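# Structural features, examined
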Amino acid sequence: MDDETAEIELLEQNLNKTRQISQRMTSILTSFDNRLVKLEKSILPLYTSTQILTRRANNIESALQRIDEVASNQEGIAAEEALILRGPQSGQLVEYTGALERLNASIAFGSAAENQRDTARLVETGAKKLAQLFTKTVASGSSGNPPAGSDFQLSPFPRDALASLQPLVKFLRALPLPATHPSHPAAAAILSTLKEAQRGYAEMRGNWGRKCLELYGRRVVDRAETTDGVSAGREFGQWTSNLLEVIEEEYNLLTQLAPLPGQSHLPSTYRTLLTPLTTLFNTTLASLSTLIKRSLYKYTFHALASYSALSARQDRWDELITRRAERKENELKEGLHALRGVCLRSFPEFLADLKQAGAGRGGEIGTGCADFTISTAQYLEQLLEVRDAVGPTLMLLGDGNWKMGDGVQAKPNQGKSAPGSERVLIEHYTYDVVTTLIASLTTLSQTQRRPAFGSVFLLNNTAYLCAKLLRPRAPVFEILSRPTQDTLNSNFRTAKAGYFDSNFSPLLQALADDKDKSGGGKAAAKEKFTRFFDLLEETKERHQLARVLEDDEEQREMLEDEVVKLVVPSLQRFTQKMREKEFSKNPSKYIKLTPDEVEAQIRSFY
């Protein structure tokens, strides 16, 4: 117990010592705290003064930096102003556009109002300089002499000029405009500059396209007077295709190079570009129309072939020109309307001319093929080549309305055409052409003072028609109806019968028995022989003047055989009969030629 008590006392003593030490430490720390509070109170005014000085120092430093920036900016603007005013030099487009981009950036990210106005004027000047470069490059690619060969060739925009324009156009399209940068001071002026440059582009390219096509347009008009109508019409159609090809090429180029490619600007620019080209089309078509109207009979197929060619290109014209340019005018449609009127006139006027040909001009017409017979056969053959124009035109005219002065009251066709109706109308029209021609030929043959020559004329002309129109595999055969074919064949047979009647019936009549006379048989026989050989000599002389079926060897040989079969057997029978009656002591005095010699002489006619 004593030991434990001693330990407890020792612990209490240690605890008291520790408490005393803690109290002294607390007293010391309290003293330190009081001193720190006094020190803080002493330092606080100095700290506050130091902060104010620090802020002032920072402000001074910022002001000095701003002054340095303004000074450097003024030096940069002065340098860029010299670059902008000088304009883009060769090989320095990137540097020039970079300067403009920096000027635009300085406007966009804020500067003094006065500085903005000066910078905007520089940007406007730079845009004008670039627009001038654009115009100059386009002008160089739109000058010179286009190809002038026999066949038209596209003259594409020079590749080097196109390559130099592409980065320039890309930058011009990125310039600030009122629609994209409404607050930019130079936006309105830049828009005006680009509009002017784009309009100049359209005028230059439109005039260049006209220059490329003008020579070939004049050539089409000049050749129209000497080329057959179908070929001339097709040449005009090909020229129109070349025109559309140039227009399509220019439209594609415009979409690449237009500084203002938006839909609000492109159609009006395209219309400006089209003006010289559509004017050239109108001028060329007007020249052809004047030529056609001067002699519709001569240039009928110019009109029909041109109408056909333009009709085939109507859809492409509408797409390339009317819709893309948002135009109300349609020159091709107006041209088609004018040509259609000419074509409508041509059909009744052609029939009227055929009727007039039957009236003749007085005097002998000869025995060969009449000019209007040959031209009518050619007309029908060419009609087939432009049937895609003939059919619709006849549908518009109406069945039978081409018969001027015949009292026909057919109504114009209305509504949509029925299947095959165009073919039917073409067949009806060709039938009327053939019948009118044959009627005119018949009238002319009947007005001749010597019927024998008239019969040769009619035979030669109808044979020519049959040979040209009814020969196997003749193209025109497609548009000849069965009644037309029958009419041709029937009139050929009629013409042949008339030829036999006027040229060889008198020979047969000279050998025929005269039932009204009695007695005097020998004298009558002598008279008949004399009359027969006199008529044969006249026939021979007539055939020396009037060649029969000169260009149709097959028909000529058949006709020769028919004439021999008609005359020679009758002569043989009459000669044999008279020899048996011993009509003369010297028969050779009256029988000047034997039947075989007569046959040889008849064959010599052909």
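### Description of the overall build of the protein chain
Summing up its helical and strand segments, the protein chain has 19 helices and zero strands in all. Looking at the 606 residues of the protein chain, the share that counts as buried comes to 41%. Counting only carbon and sulfur atoms, one obtains 51% of the accessible surface of the protein chain, whose full area is about 33,900 Å².

### Some points on unusual backbone geometry
Peptide bonds are trans in most cases, and residues, glycine excluded, mostly fall at negative phi. Non-glycine residue E326 carries a positive phi angle of around 55°. Within the fold, E326 resides in the loop between α9 (314-323) and α10 (331-359). E326 gets classed as partly exposed once you look at its relative accessible area, which sits at 49%.

### Structural notes on the packing of aromatic side chains
Tallying each qualifying case throughout the model produces 15 aromatic pairs. Where F236 meets F281, the ring centres are 6.2 Å apart and the plane angle is 20°; that geometry is what we call stacked. With F236 in helix α6 (residues 229-257) and F281 in helix α7 (residues 266-294), this residue pair connects regions lying 45 residues apart in the sequence. Across this residue pair, the class does not change: F236 and F281 are buried. Within the aromatic cluster, the residues linked to one another by ring pairs are Y297, F301, F347, F350, Y379, W402 and Y429.

### A closer look at the nonpolar core
Of all hydrophobic cores here, the largest spans 154 residues; its most connected members are F347, L383, Y429, Y499, F532 and I602. Of all the elements, α6 adds the most residues to this core, at 12 residues. Residues contacting Y429, with those up to four places away along its chain left out, are F347, F350, L351, Y379, L383, L394 and W402.

### Side note on the side chain of N104
Among the structural elements, N104 can be located in helix α2 (residues 93-108). Each residue touching N104, except ones within four places of it in the same chain, is listed here: V123, L175, P176 and H184.

### Comments concerning the pattern of salt bridges
Inspection of every chain in the model, using the stated rule, returns 20 salt bridges. One salt bridge connects R603 with E560, and the closest N-O pair in it is separated by 2.6 Å. Here R603, found in helix α19 (residues 595-604), pairs with E560, found in helix α18 (residues 553-580); they are 43 residues apart in sequence, far enough to count as distant. Given a relative accessible area of 29%, R603 falls into the partly exposed group. What makes E560 buried here is its relative accessible area of 14%. Salt bridges sharing partners connect three or more residues here, namely E319, R323 and R324.

### Some thoughts on the side chain of T137
Along the chain, the position of T137 falls in helix α3 (residues 113-141). Residue contacts for T137: discarding those within four places in its chain leaves F157, A161, S164 and L165.

### Thoughts on the packing of helix α17 (residues 521-545) against α19
Taken N-terminus to C-terminus, the directions of α17 and α19 make an angle of 25°; their axes are 10 Å apart at the nearest point. Taken together, α17 and α19 sit at an angle that is classed as roughly parallel. As α17 runs across α19, the sense of the crossing is left-handed. Listed contacts from α19 to F532, F533, L536 and K540 of α17 are V598, Q601 and I602. Its residues assigned to classes, the contact of α17 with α19 shows five nonpolar, one polar and one charged.

### Examining the confidence of the model for the protein chain
Reading predicted coordinates in detail is not appropriate for stretches of low pLDDT. Averaged over the protein chain, the pLDDT score is 84; the fraction of residues at 70 or greater is 90%. Contacts for the low-pLDDT stretch residues 407-412, under 50 throughout, to residues beyond four places or in other chains number 11 contacts.

### A short note on α17
The first and last C-alpha atoms of α17 sit 36 Å apart over 25 residues, in line with the 36 Å expected at 1.5 Å per residue. Three or more residues of α17 are buried, namely A525, K528, F529, F532, F533, L535, L536, T539, R542 and H543.

### A few points about the packing of helix α13 (residues 421-446) against helix α15 (residues 482-503)
The contact between α13 and α15 brings their axes to 9 Å, and the two run at 15°. As far as their axial angle goes, α15 and α13 are roughly parallel. At the point where α13 passes α15, the crossing takes the left-handed sense. Residues E427, T430, Y431, V434, T435 and I438 of α13 pack against P483, T484, T487, L488 and N491 of α15.

### Some remarks on a negative patch on the surface
A cluster of acidic residues, D2, D3, E4 and E7, forms a negative patch on the protein surface. Along the chain, the position of E7 falls in helix α1 (residues 2-86). Here E7 falls in the exposed class, since its relative accessible area comes to 51%.

### Structural notes on the environment of A357
Of note, A357 is situated in helix α10. With 16 residues separating them in the primary sequence, A357 and T373 have C-alpha atoms 9.8 Å apart.

### So, a nonpolar patch on the surface
Taken together, the side chains of I21, M25, I28, L29 and F32 make up a nonpolar region of the molecular surface, amounting to roughly 490 Å² of accessible area. Turning to its location among the elements, F32 is positioned in helix α1.

Reading guide: rules and limits
Residues numbered from 1 in each chain as written. Predicted model: local features only at pLDDT ≥ 70, side-chain atom pairs only at ≥ 80, totals over all residues. Heavy atoms only, no water. Helix = DSSP H or I, 4+ residues; strand = E, 2+ residues; numbered from the N terminus. Buried < 20%, exposed > 50% of the residue type's maximum accessible area, 1.4 Å probe, protein only. Areas by Shrake-Rupley, 256 points an atom, 1.4 Å probe, with all protein chains shown as cover. Phe/Tyr/Trp six-rings, centres within 6.5 Å; stacked < 30°, edge-to-face > 60°. Core = buried A, V, L, I, M, F, W, Y, C linked by side-chain atoms within 4.5 Å. Contact = heavy atoms within 4.5 Å. Salt bridge = Lys/Arg side-chain N within 4 Å of Asp/Glu carboxyl O. Axes fitted to C-alpha atoms, helices over the stretch in contact; angles between N-to-C directions. Parallel < 35°, antiparallel > 145°, perpendicular 65-115°, else oblique. Left-handed = near helix turned anticlockwise from the far one by under 90°. Nonpolar A, V, L, I, M, F, W, Y, C, P; charged D, E, K, R; others polar. pLDDT = per-residue confidence, 0-100. Expected span 1.5 Å × (residues − 1). Patch = residues over 30% accessible without salt bridge, like charges linked within 9 Å, V, L, I, M, F, W, Y side chains within 5 Å. Lys, Arg positive; Asp, Glu negative; His and termini not counted. Charge placed at Lys NZ, Arg CZ, Asp CG, Glu CD.

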